[in-house]
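Observations on chain architecture
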Amino acid sequence: MRRLIVLVTAAALTVLGLVTVGAGAANATTPGKNGRILFHADTGSGSQLYTIKPNGTDLRQLTHVTGEASQGDWSPDGRRIAFELADATHVGVAIMRADGSGIRDLTPTGFQGQPAFTPDGHHLVYNLCADQPNGSGIFIIRDNGTGIRRLTAPNPFPTECDEDPNVSPDGKTVTFVRHKVDGLLQALYAVNIDGSHLRKIVPYRHEVGVKHDWAPDGRHIVITIDADYPEGRSPNVATIRPDGTHLRLLTHYRGGDWGAFAGSYSPDGRWIVFRLENLQLQQFKLMKMYPDGSHRKLIATLPFRPRAIDWGARPNHNH
């Protein structure tokens, strides 16, 4: 599993002298009618953002930035996308229109990323993962780039980060993934939107994948367990209640050949989109299934690995 700073371009690593650490994604599904599916992929010249229709047609590359665009998150109204923008000087939180135009960098210095909109569409939560004392943590910012506020103290484990913040549909809770040992031990945590009541939802032994998502009704969270193929085990998609009870496997791959990775819920709550992959065969499939794991269907077979998958709402003007 990669970490935020890994997404800095090679030039940035050379200029800034940073040590690479690992990566993730931030998304949260807002109730609405189903629109396009967003993800990032590396096609050989750095990660860029793509969208595709839920029927697997009309694949579009949205960004063509110098550097990398990744970790996209749809705004609640489906009109904007927040994402992580990396260039030779920094990693920042950026916003653009749904068609890829009008990119605006909200954090032109530092190492911020993995943004996710709050349900009102006026704020973003994001992580800061910097190789400096007391630098890491989960933060919130207005969508105009002002009003930055820290939500969590830095990760207590040396050189590790907290990643992939997501906001519950009622706007009261922020969940995030805390690394204890990158690629070995990751847990899902929650904190109130005011920064109070930090608690662990999913323990480290499940090796939670960085990408997770809230159901539109707020009753479940979809996660990946065994996300780094530990001891040859396959990653699988699971759901859990926000209080940490009723962990339920939705996929049951074994042996480490095929792995299933959580994307997001559809805005209408009827589907979960996920990635099915076989790294040895270099096969990548964009899939969907019911929230109980049934009715598994192929959306598209892709020539690259779709990451940070987020299913957006259909904008009103497209109704």
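Just so you know, these numbers come straight off a predicted model, no measurement behind them.

Bringing the confidence of the model for the protein into the picture now. Summarising the model, the protein shows a mean pLDDT of 89, and 88% of its residues fall at 70 or more. Predicted confidence is poor over residues 1–25, with pLDDT under 50, and the contacts of this stretch with residues over four places away or in other chains come to 95 contacts.

One open sheet holds the 4 strands; their spatial order is β12-β13-β14-β15, and the pairing between them is antiparallel. Of all the strands in the sheet, the pair left with one neighbour each is β12 (162–167) and β15 (199–202). Mean inter-strand twist for the sheet, computed between neighbouring axes without regard to direction, equals 30°. Sheet topology places strand β14 (residues 185–192) next to β15; 3 bridges connect them, and they run antiparallel. Counterpart to Leu 188 in the pairing with β15 is Val 202.

Below, the discussion takes up the pattern of salt bridges. Using the criterion set out here, one finds 8 salt bridges in the structure. The partner of Asp 58 in a salt bridge is Arg 60, and the shortest N-O contact between them spans 2.8 Å. Using a relative accessible area of 31% as the deciding quantity, one classes Asp 58 as partly exposed.

To continue, consider the pairing of strand β18 (residues 236–240). Counting buried positions along β18 yields 5 of 5 residues, so the element is predominantly enclosed. Side chains Asn 236, Ala 238 and Ile 240 project from β18 onto one buried face, and the interleaved Val 237 and Thr 239 project onto a second face that is buried too. The sheet contact formed by strand β17 (residues 221–225) and β18 spans 5 bridges and is antiparallel. Bridging from a neighbouring strand, Ile 225 pairs with Asn 236 of β18. With 2 bridges joining them, β18 and strand β19 (residues 248–249) adopt antiparallel strand pairing. If you follow Thr 239 over to β19, its bridge partner there is Arg 248.

Turning to the environment of Leu 38, a few remarks are in order. Within the secondary structure, Leu 38 is located in strand β1 (residues 34–42). Spatially, the C-alpha atoms of Leu 38 and Thr 51 are 4.4 Å apart, while their sequence positions differ by 13 residues. Every residue in contact with Leu 38, bar those within four places of it in the chain, is listed here: Leu 49, Tyr 50, Thr 51, Leu 62, Gly 72, Asp 73, Trp 74, Ile 81, Ala 308, Ile 309 and Asp 310.

What follows is about the side chain of Thr 251. Looking at where Thr 251 falls in the secondary structure, it is placed in the loop between β19 and β20 (259–265). Given a relative accessible area of 0%, Thr 251 falls into the buried group. Looking at Thr 251, its side chain comes within polar contact range of the side chain of Asn 236, at 2.7 Å. At 3.0 Å, the side chain of Thr 251 and the backbone nitrogen of Val 237 are in polar contact. When residues no more than four places from it in sequence are discounted, the contact partners of Thr 251 are Asn 236, Val 237, Ala 260, Met 289 and Arg 296.

Further remarks concern the state of the cysteines. Scanning all chains against the criterion turns up 1 disulfide. Each sulfur of the disulfide joining Cys 129 and Cys 161 lies 1.8 Å from the other. On the S-S bond that ties Cys 129 to Cys 161, the torsion sits near 75°, and the link is right-handed. With Cys 129 in the loop between β9 (123–128) and β10 (137–142) and Cys 161 in the loop between β11 (149–150) and β12, this residue pair connects regions lying 32 residues apart in the sequence.

Once that is clear, we can look at the sheet that holds strand β6 (residues 91–97). If you trace the 4 strands from one edge of the open sheet to the other, you get β4-β5-β6-β7, paired in antiparallel fashion. At either margin of the open sheet sits one strand with a lone partner, and together these are β4 (68–74) and β7 (104–105). Note: β6 against β7, 2 bridges, orientation antiparallel. Residue pairing in the sheet places Ala 94 in a bridge with Asp 105 of β7.

Here is what the cut-offs are and how they apply
Residues numbered from 1 in each chain as written. Predicted model: local features only at pLDDT ≥ 70, side-chain atom pairs only at ≥ 80, totals over all residues. Heavy atoms only, no water. pLDDT = per-residue confidence, 0-100. Contact = heavy atoms within 4.5 Å. Pairing = 2+ DSSP bridges. Helix = DSSP H or I, 4+ residues; strand = E, 2+ residues; numbered from the N terminus. Axes fitted to C-alpha atoms, helices over the stretch in contact; angles between N-to-C directions. Salt bridge = Lys/Arg side-chain N within 4 Å of Asp/Glu carboxyl O. Buried < 20%, exposed > 50% of the residue type's maximum accessible area, 1.4 Å probe, protein only. Polar contact = N/O pair within 3.5 Å; in protein donor to acceptor, adjacent residues only side chain to side chain. Disulfide = S-S within 2.5 Å.

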